[in-house]
Amino acid sequence: MHDTTALLIELGAIILGLGILGRLAGRVGFSAIPLYLLAGLAFGQGGLLPLNASEEFVATGAEIGVILLLLLLGLEYSASELVSNLKTQYPSGIVDFVLNAVPGAAAALILGWGPVAAVALAGVTWISSSGVIAKVLGDLGRLGNRETPVILGVLVIEDLAMAVYLPLLTALLAGLSLAGGSLTLLISLGTVGAVLYLALRHGRLISRAVSSDNPEMLLLVVLGLTVLVAGVAQELQVSAAVGAFLVGIALSGEVAEGAHNLLAPLRDLFAAVFFVFFGLNTDPAAIPPVLVPALILATVTTLTKIGTGWYAAKRAGVRTAGRWRTGGTLVARGEFSIVIAGLAVGVEPRIGPLATAYVLILVILGPLAARWTEPLARRLTRKAAPAPAGPVPPAAAASAPSEASASPVAEPPATEANDTEATDPAPSRP
C-alpha cells in the first residue's frame with residue numbers, strides 16, 4: 001500500500017476513533033483522557049494493532065497539542081490576574097508543592113531511578129489537571145461557589161510554576177552542568193519577567209497589533225506567533241510549552257477571547273492526539289509491574305491534594321464543607337502529568353508506564369472525589385462526634401432556657417454558593 005494512502009487511512013481511523021471515544025466519555029460523564037490513553041496503549045508498541053504509517057505525523061501532532069494546551073491556558077489569565085494570585089495565594093502554592101511533589105520524588109528515589117527521575121516524578125504528582133477540574137466544576141454546577149476562586153488560584157500558581165519547573169527539568173534531562181542549568185533557568189525567569197512586564201504595561205498595544213476583525217487572519221497570526229515563539233523557546237532549552245503559555249498571557253481582552261474561541265477545537269483535536277501518542281509509546285506489558293507503586297502513589301497524593309485544598313480554602317475563610325469540596329476537586333491529574341512524563345521517558349523509560357497508570361487512576365478518581373469527598377467527610381465526622389450527655393433532670397430542664405429561646409434568630413443554613421465562615425474570616429493577605 002502506498003505510504004500516503006496508509007497514512008490517510010490510519011490518521012482517519014485515529015481521529016474517528018477519538019471522536020467516538022469522546023462522545024462515549026461525555027455520555028458517561030467522565031473525562032475522555034483515560035480512553036485516549038487506553039486507545040494509544042491498544043495500538044502502540046506491544047498493543048493489539050501497532051500503527052506505523054502515521055507514527056511521525058502523530059508525533060508532530062502531539063507536539064502541537066502540548067503547545068495549544070498551554071497557549072489556551074495562558075489565554076485564560078491576564079498578567080495582572082497572575083501577579084495578583086501570586087501575591088495572595090503563594091502560601092497555598094508552597095503547601096501544594098511540598099505535600100504533592102515530595103511523594104513523587106520519594107517514590108522515584110525508593111525505586112532507584114535517580115535524582116533526575118525524582119524531579120520528573122515530583123512534577124507528575126504535583127500538578128493537577130486544569131482541564132479535568134474545569135469540566136468537573138461546570139458539570140457539578142459549582143462555578144459560582146465560594147470555594148471556586150480558591151481552586152482556580154491554586155491552579156494558577158501551579159501553571160505559573162511550570163514556567164520555572166519545565167526549563168529546569170529540560171536542563172536536567174539534557175545533562176547540562178550546574179552552570180548550564182542555572183543559565184537556562186535564568187533565561188526562563190528573565191523571559192517570564194519580561195513578558196509579564198510587557199503584558200502589564202503594554203498589553204493593549206500587543207493585543208492591538210495581533211487583533212483582526214477577520215477570524216481567518218486572527219487564527220493565522222496567533223497560531224503562527226505561538227508556534228514560532230515555542231520553537232525559539234525550545235531552541236533556548238526553555239521549553240516550547242512555556243513559550244506558548246507566555247504568548248497566551250501576553251494577549252488579553254477581545255483578542256484573547258476571539259483566539260480562544262477559534263483555537264479551542266484545534267486544541268481539543270491535537271490534545272487528544274497527544275494523549276494517544278503517549279499511549280502509543282508506552283508498552284502495555286510495562287504497566288503491571290508498576291501498578292502497585294502507582295496505586296500507592298495515587299492514594300497518598302489523593303490525601304495530600306485534599307489537605308492542600310483544605311488549607312487553601314481555610315485561608316480564604318471558606319466553611320468546612322467548602323474546604324472538603326476544594327480538596328476533592330483538586331485530586332484529578334491529567335495533561336500536565338503526561339507532558340512531564342513524556343519529557344522524562346528518554347532518561348527513565350519506566351516513568352512512562354508509571355505515569356500512565358497513575359493518571360488513569362486519578363483521572364477516573366478525580367471527578368468522584370470532587371463529588372463525594374464532602375458528603376463522605378460529613379458522614380465520618382458525624383460518626384466520630386461524641387455522643388450527647390445523659391438525660392437532663394426535669395428540674396434542670398425546666399430552669400434552663402431552651403436553645404430556640406436563647407437564640408431568637410435562627411442561623412441560615414450554609415449553601416455551596418455562599419459558604420463563608422461567619423466566625424473565621426479570611427486572614428489578611430501578606
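Use the structure listed above.
What comes next is a walk through the structure. Along each chain, numbering runs from 1 in the same order as the chain's sequence is written. Residue-level local features of this predicted model are given only where pLDDT is at least 70; pairs of side-chain atoms are given and counted only at 80 or more, and the full residue set underlies all totals for whole chains, interfaces and linings. Hydrogen atoms and water are omitted, and side-chain values are computed over all heavy atoms in the structure.

Quick look at the overall build of the protein
Secondary structure elements follow DSSP: runs of H or I no shorter than four residues count as helices, runs of E no shorter than two count as strands, and numbering proceeds from the N terminus. Within the protein one finds 17 helices and zero strands. Across the 430 residues of the protein, 45% fall into the buried class. Sequence-distant contacts in the protein: of pairs separated by 6 or more residues, those separated by 24 or more amount to 83%. In this description, accessible areas are obtained by the Shrake-Rupley approach with a 1.4 Å probe, and a residue is regarded as covered only by the protein chains that are shown. Total accessible area computed for the protein in this model is approximately 20,800 Å², and 68% of it derives from carbon and sulfur atoms. Each residue's exposure class comes from its accessible area (1.4 Å probe, protein chains only) as a fraction of the maximum for that residue type: buried when under 20%, exposed when over 50%, partly exposed otherwise. Two residues qualify as a contact provided that any one of their heavy atoms is within 4.5 Å of a heavy atom in the partner residue.

Topic: the packing of helix H3 (residues 55-75) against helix H9 (residues 215-235)
Direction vectors running N to C along H3 and H9 enclose 110 degrees, while the axes themselves pass 11 Å from each other. As summarised for this structure, H3 and H9 are arranged roughly perpendicular, according to the angle between their axes. Handedness of the H3/H9 crossing: right-handed. Along its contact with H3, which presents Ile-67, Leu-68 and Leu-71, the element H9 presents Val-222, Leu-223, Thr-226 and Ala-230. Each residue receives one of three labels: charged for Asp, Glu, Lys and Arg, nonpolar for Ala, Val, Leu, Ile, Met, Phe, Trp, Tyr, Cys and Pro, and polar for the others, Gly being one of them. Here the contact of H3 with H9 is built from residues that sort into six nonpolar, one polar and no charged. Note on method: axes are straight lines fitted to C-alpha atoms, helices fitted across the in-contact stretch only, with angles between N-to-C directions ranging 0 to 180 degrees. Convention used here: angles under 35 degrees read as roughly parallel, angles over 145 as roughly antiparallel, angles from 65 to 115 as roughly perpendicular, and any remaining angle as oblique. Crossings are sorted by hand: turned counterclockwise from the far helix by less than a right angle, the near helix makes the crossing left-handed, and turned clockwise it makes it right-handed.

With respect to the nonpolar core
For this analysis, a nonpolar core means a set of buried residues of the types Ala, Val, Leu, Ile, Met, Phe, Trp, Tyr and Cys, connected via side-chain atoms within 4.5 Å. Formed by 111 residues in total, the largest nonpolar core has its most connected members in Leu-37, Leu-70, Leu-71, Leu-121, Val-222 and Ile-340. The element contributing the most residues to this core is helix H11 (residues 253-280), with 14 residues. The contacts of Leu-71, once residues within four sequence positions are left out, are Val-222, Thr-226, Ala-244, Phe-245, Val-247, Gly-248 and Leu-263.

Concerning the pattern of salt bridges
The rule for a salt bridge is simple: a side-chain nitrogen of Lys or Arg has to be within 4 Å of a carboxyl oxygen of Asp or Glu. Enumeration over the complete set of coordinates arrives at five salt bridges. A salt bridge links Arg-267 to Asp-268; the shortest N-O distance between them is 2.9 Å. The class of Arg-267 is partly exposed, set by a relative accessible area of 21%. With its nearest N and O atoms 2.2 Å apart, the salt bridge here joins Arg-378 to Glu-374. Of the two residues, Arg-378 and Glu-374 both sit in helix H15 (residues 351-384), four residues apart, roughly one turn of that helix. Relative accessible area serves as the criterion here: at 35%, Arg-378 is assigned to the partly exposed category.

Side note on the packing of aromatic side chains
Only rings of Phe, Tyr and Trp enter the pairing, Trp through its six-membered ring, and a pair is recorded when the two centres are within 6.5 Å. The plane angle decides the type: under 30 degrees is stacked, over 60 is edge-to-face, the rest tilted. Inspection of the entire model under this criterion finds three aromatic pairs. Residues Trp-126 and Tyr-165 carry aromatic rings whose centres are separated by 6.0 Å and whose planes lie at 90 degrees to one another, so their mutual orientation is edge-to-face. Here Tyr-165 lies in helix H7 (residues 148-173) and Trp-126 lies in helix H5 (residues 115-126), a separation of 39 residues in the sequence. You'll find Trp-126 and Tyr-165 in the same group, each marked buried. Three or more aromatic residues joined by ring pairs form one cluster here, namely Phe-97, Trp-126 and Tyr-165. Note on geometry: a ring has a charge over it if NZ (lysine) or CZ (arginine) is within 6 Å of the ring centre and within 35 degrees of the ring normal. Between the NZ or CZ atom of Arg-323 and the centre of the ring of Trp-310, over which it lies, the distance is 5.1 Å.

Quick look at the environment of Ser-207
Looking at where Ser-207 falls in the secondary structure, it is placed in helix H8 (residues 178-210). When its relative accessible area of 5% is taken as the criterion, Ser-207 is described as buried. As for Ser-207 and Leu-251, which are separated by 44 residues in sequence, their C-alpha atoms are 5.3 Å apart. In contact with Ser-207, not counting residues within four places along its chain, are Ala-250, Leu-251, Ser-252 and Val-255.

Looking at the packing of H5 against H7
The relative placement of two packed helices comes down to the angle between their axes together with the axis-to-axis distance. Where H5 meets H7, the axes come as close as 10 Å, and the angle between the chain directions of the two elements is 160 degrees. Here H5 is positioned roughly antiparallel relative to H7, judged by the angle of their axes. Once H5 is placed against H7, the crossing between them reads as left-handed. Contact with H5, carried on its side by Val-116, Val-119, Ala-120, Gly-123 and Trp-126, involves Glu-158, Ala-161, Tyr-165, Leu-169, Leu-172 and Leu-173 of H7 and no other residues of that element.

Description of a nonpolar patch on the surface
Patch membership needs two things, relative accessible area over 30% and no salt bridge, and members are linked within 9 Å if like-charged or within 5 Å if nonpolar (Val, Leu, Ile, Met, Phe, Trp, Tyr). Taken together, the side chains of Leu-86, Tyr-90, Ile-94, Phe-97, Val-98 and Val-102 make up a nonpolar region of the molecular surface, amounting to roughly 530 Å² of accessible area. Along the polypeptide, Ile-94 turns up in helix H4 (residues 79-110).

Quick word on H11
To estimate how far a helix should extend, the number of its residues minus one is multiplied by 1.5 Å. Compared with the 40 Å implied by 1.5 Å per residue over 28 residues, the 39 Å span of H11 between its first and last C-alpha is a close match. Take the seven residues that end at a residue and the seven that start at it, fit an axis to each, and the angle between those axes is the bend at that residue. At Leu-263, H11 shows its maximal bend, which comes to roughly 45 degrees, and the proline Pro-265 appears one to four places after that position.

Some details on the side chain of Glu-147
Turning to its location among the elements, Glu-147 is positioned in the loop between helix H6 (130-139) and H7. Given the relative accessible area of 1%, Glu-147 is considered buried. Polar contact is the term for a pair of N or O atoms within 3.5 Å; when the atoms are in protein, one must be able to donate a hydrogen and the other to accept it, and sequence-neighboring residues count only if both atoms are side-chain atoms. A distance of 2.9 Å separates a polar atom in the side chain of Glu-147 from a polar atom in the side chain of Asn-145.

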